[in-house]
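# Commentary on secondary and tertiary structure
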Amino acid sequence: MGLGACLLGLLALFTAVKCSYSPEPDQQRTLPRGWVTLGRVDPEEELSLTFALKQQNLGRLSELVQAVSDPSSPQYGKYLTLEDVAELVRPTPLTLHTVQKWLLAAGARDCHSVTTQDFLTCWLTVRQAELLLPGAEFHRYVGGPEETHVVRSPHPYQLPEALAPHVDFVGGLHRFPQISSLRQRPVPQEAGTVGLHLGVTPSVIRQRYNLTAQDVGSGTTNNSQACAQFLEQYFHNSDLAEFMRLFGSKFAHQASVARVVGKQGRGRAGIEASLDVEYLMSAGANISTWVYSSPGRHEAQEPFLQWLLLLSNESALPHVHTVSYGDDEDSLSSTYIQRVNTELMKAAARGLTLLFASGDTGAGCWSVSGRHKFRPSFPASSPYVTTVGGTSFQNPFLVTNEIVDYISGGGFSNVFPRPSYQDEAVAQFLKSSPHLPPSSYFNASGRAYPDVAALSDGYWVVSNSVPIPWVSGTSASTPVFGGILSLINEQRILNGRPPLGFLNPRLYQQHGAGLFDVIHGCHESCLNEEVEGQGFCSGPGWDPVTGWGTPNFPALLKTLLNP
């Protein structure tokens, strides 16, 4: 049946199941480990669903990101406002009219859009939602260490074919909240003598990355930074205060978060939530800090998607955002992954520096038709974010050179082609690395990550008033690198320069200048006879384990201060 036959008016649009299509046929719908179903949701219960509307002028948006992010461009640093982005990507009047009428006919209510008008969030009863989205069947699930409740559909949903030019996907049906991959490692046993430290603290970070007591925010600019949390976790201001009392006495710092966006409950603090805030605010010391917090959202909402909506609805945002969220690329529908990538591109056009953790499973591993392959992570693999890998000290008790932390996520995207800004660096790695895995394990022409790294092993965190040692993961390295970029933004703003914005084109043009090159170690991968648990290995220059390396603050400041 053709598209024209489906356009027989609003009633046909709403009821024509025969003219339907699946927007996300490749979305993984298997129940994640640790989740159980509690049964069907009452038909009269209400849901909040998000409709991603088709955008315009994405080719032009991509060109503008390149222009404002490339130091050799006359447009460098001339970022777009949210209103500029809205003018560019706003859906057509036909799309807005068609989708709104379809939802209205289905009984949707309290619909809210965003400034860019490319998302619409509406309330419907379960009965209305299942009629609107044939095939969907809403169940309640519980899972994760926090015993989180969510509402999802184990079956694919359909949309009327007439909506194909107007809707990308519907959020709130399939994707489950992530579970933290942070781990508390046992105390290393290899130290033969008393060392200089017993785990990573702000003073260790500042010593290794050459930050002095004077390398803090001035308190005189509108500079700000943020971390985003999508776990069902809270941080406690009292934990932040205790952390700074224990570990922050040698540098000026702020004792509390400037703004919490979202609901901040009174439950027990989570280690990851605590770590994000404590290390962003101690590396980016004395800089105003926001926290995006997902707890308190409706059960049908996807926390990461809700964060993207917030970015599209706020004109004035922090310059640096650090995010410890990731999913396997293959677990996400191609429609969803491409649309999220567009949202990250919108942020880059506005001059936001988005830092994502590279993940904690090395190169990853999965089996495709009986063959093992590495398993890239998203959004770490997006070409519009700066991805942060992880390192360890060569001697775990001394502030020494860094080596690869074996968990450091890295590899090559199976979705996104290699962006031009990293062509030279990746080609050099592929040509010169003496330890390349078999070519069947990775897509050598894909976007390669991470871009940079920082220490990810052996952190002290204060959570629920208790100091906890040896916490490890790229969730730790990411806020540290973000805080250091915020200090550089501070100096740029004081010198009348725009903030750094999307860093990668400049980072690769400058061949990692201002970073300590990490040249020893490999990360983990498939435990089979062919690769024996080894993924990629680091070496001179860029590599897909630690990127260009870890920050040497004075040198990085000098490299990134001008223009």
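Residue numbering note: each chain is counted from 1, following its sequence as written. Local features in a predicted model are, by the rule used here, given only for residues with pLDDT of at least 70; side-chain atom pairs are given and counted only at 80 or more, and totals for whole chains, interfaces and linings are based on all residues. With hydrogens and water excluded, all non-hydrogen atoms of the structure serve as input to the side-chain values.

## A closer look at helix α11 (residues 334-349)
With 16 residues, α11 ought to run about 22 Å at 1.5 Å a step, and its terminal C-alpha atoms sit 23 Å apart, in line with that. We call a residue buried when its accessible area falls under 20% of the maximum for its residue type, exposed when it is over 50%, and partly exposed in between, using a 1.4 Å probe and counting protein chains only. We count a stretch as a helix when DSSP gives it H or I for four or more residues in a row; a strand needs E for two or more, and each element gets its number in order from the N terminus. Within α11, 13 of the 16 residues are buried, which leaves the element mostly enclosed by the surrounding structure. For a helix, the expected span equals 1.5 Å multiplied by the residue count minus one.

## Digging into the layout of surface pockets
The probe, sized like a water molecule, is rolled over the atoms to show the empty space still left. Each cavity reported here is a set of points on a 1 Å grid over the protein atoms alone in which a 1.4 Å probe fits but cannot get out, each pocket an open set with protein on both sides within 12 Å along at least five of seven lines, and each lining residue one with an atom within 4 Å of a point. Grid points are joined across faces, edges and corners, and a volume is the space filled by probe spheres set on the points. Each pocket or cavity is described by its volume, and for the largest pocket that value is around 1,100 Å³. The wall of the largest pocket is formed by 41 residues, among which Q178, I179, G326, D327 and D328 lie closest to the centre. Going through the elements one at a time, β15 (327-328) and α13 (474-494) are the ones with two or more residues in the lining of the largest pocket. For this scheme, ten residues count as nonpolar: Ala, Val, Leu, Ile, Met, Phe, Trp, Tyr, Cys and Pro. Four count as charged, namely Asp, Glu, Lys and Arg, and the remainder, Gly too, count as polar. The residue inventory of the lining of the largest pocket, partitioned by class, reads 12 nonpolar, 20 polar and 9 charged.

## Thoughts on the state of the cysteines
Throughout, disulfides are identified as pairs of cysteine sulfur atoms within 2.5 Å of each other. A complete count under the given rule lists 3 disulfides for this structure. A sulfur-sulfur separation of 2.0 Å characterises the disulfide bridge that pairs C111 with C122. Disulfide C111 to C122: torsion about the S-S bond roughly 120°, handedness right-handed. In this pair, C111 sits in strand β4 (residues 109-113) while C122 sits in strand β5 (residues 119-125), placing the two residues 11 residues apart along the sequence. Bridging C365 to C526, the disulfide has an S-S length of 2.1 Å. Taking the torsion about the sulfur-sulfur bond, which here is approximately 110°, the covalent link between C365 and C526 counts as right-handed. Taken as a pair, C365 in the loop between β16 (353-357) and β17 (366-368) and C526 in the loop between β28 (522-524) and β29 (534-537) lie far apart in primary sequence, 161 residues in all.

## Some remarks on the nonpolar core
F51, L133, F138, W307 and Y459 are the most contacted members of the largest nonpolar core, which has 141 residues in total. With 8 residues, the single largest contributor to this core is α11. If we skip the residues at most four places from it in the chain, Y459 touches V200, I205, L275, Y279, I468, P469, W470, V471, A476, S477 and V480. Grouping buried Ala, Val, Leu, Ile, Met, Phe, Trp, Tyr and Cys residues that are joined through side-chain atoms within 4.5 Å yields what is termed a nonpolar core. Every residue pair with non-hydrogen atoms within 4.5 Å of one another is taken to be in contact.

## Section: the packing of helix α3 (residues 58-69) against α11
The geometry of a pair of packed helices is captured by two quantities: the angle between their axes and the separation between those axes. Angular values range over 0 to 180 degrees, each being the angle between N-to-C directions of two axes fitted as lines to C-alpha atoms, with helices fitted over their stretch in contact. One way to put it is that α3 packs onto α11 with a least axis distance of 9 Å and a crossing angle of 40°. Between α3 and α11, the crossing angle belongs to the class labelled oblique. The two elements α3 and α11 meet at a crossing, and its hand is left-handed. On α11, the residues touching L58, L61, S62, V65 and V68 of α3 are T342, M345, K346, A348 and A349. Looking at the contact of α3 with α11 residue by residue, the classes come out as 7 nonpolar, 2 polar and 1 charged. Orientation labels follow simple angle bins: below 35 degrees gives roughly parallel, above 145 gives roughly antiparallel, 65 to 115 gives roughly perpendicular, and whatever is left gives oblique. The crossing is said to be left-handed when, going from far helix to near helix, the turn is anticlockwise and less than a right angle, and right-handed when the turn is clockwise.

## Regarding the sheet that holds strand β2 (residues 35-40)
What makes two strands pair is DSSP finding at least two bridges between them. As summarised here, the arrangement of the 3 strands in space is β2-β6-β7, forming an open sheet in which the pairing is antiparallel. If you trace the sheet from one side to the other, it starts and ends with β2 and β7 (148-152), each paired once. Neighbour to neighbour, the strand axes of the sheet diverge by 30° on average, direction disregarded. Note that β2 and strand β6 (residues 139-143) share 5 bridges and pair antiparallel. What sits directly across from T37, in β6, is Y141.

## What about the pattern of salt bridges?
The rule for a salt bridge is simple: a side-chain nitrogen of Lys or Arg has to be within 4 Å of a carboxyl oxygen of Asp or Glu. Under the definition given, this model contains 23 salt bridges. Salt-bridge contacts for R40 lead to E130; the nearest nitrogen and oxygen are separated by 3.2 Å. With R40 in strand β2 and E130 in helix α6 (residues 126-132), this residue pair connects regions lying 90 residues apart in the sequence. The shortest N-O distance in the salt bridge between E402 and R208 comes to 2.6 Å. Taken together, the residues span a long stretch of sequence, with E402 in strand β21 (residues 402-404) and R208 in helix α7 (residues 202-208) at a distance of 194 residues. Since its relative accessible area comes to 5%, E402 is described here as buried. One continuous salt-bridge network, built from bridges that share partners, spans K54, D118, D168, R339, E343 and K346.

## A look at the UniProt feature "active site" (unreviewed entry) in the chain
UniProt positions are given in the numbering used here, feature names are shortened, and annotations may be inferred rather than shown by experiment. Cross-referencing UniProt, the feature "active site" (unreviewed entry) maps to E272, D276 and S475 in the present numbering. Considering the C-alpha atoms alone, the annotated residues occupy 204 residues of sequence yet fold into one spot, their largest mutual distance being 7.3 Å. Checked against the lining of the largest pocket, the annotated residues reduce to E272 and S475. Tracing the backbone through its elements, the reader meets D276 in helix α9 (residues 271-283).

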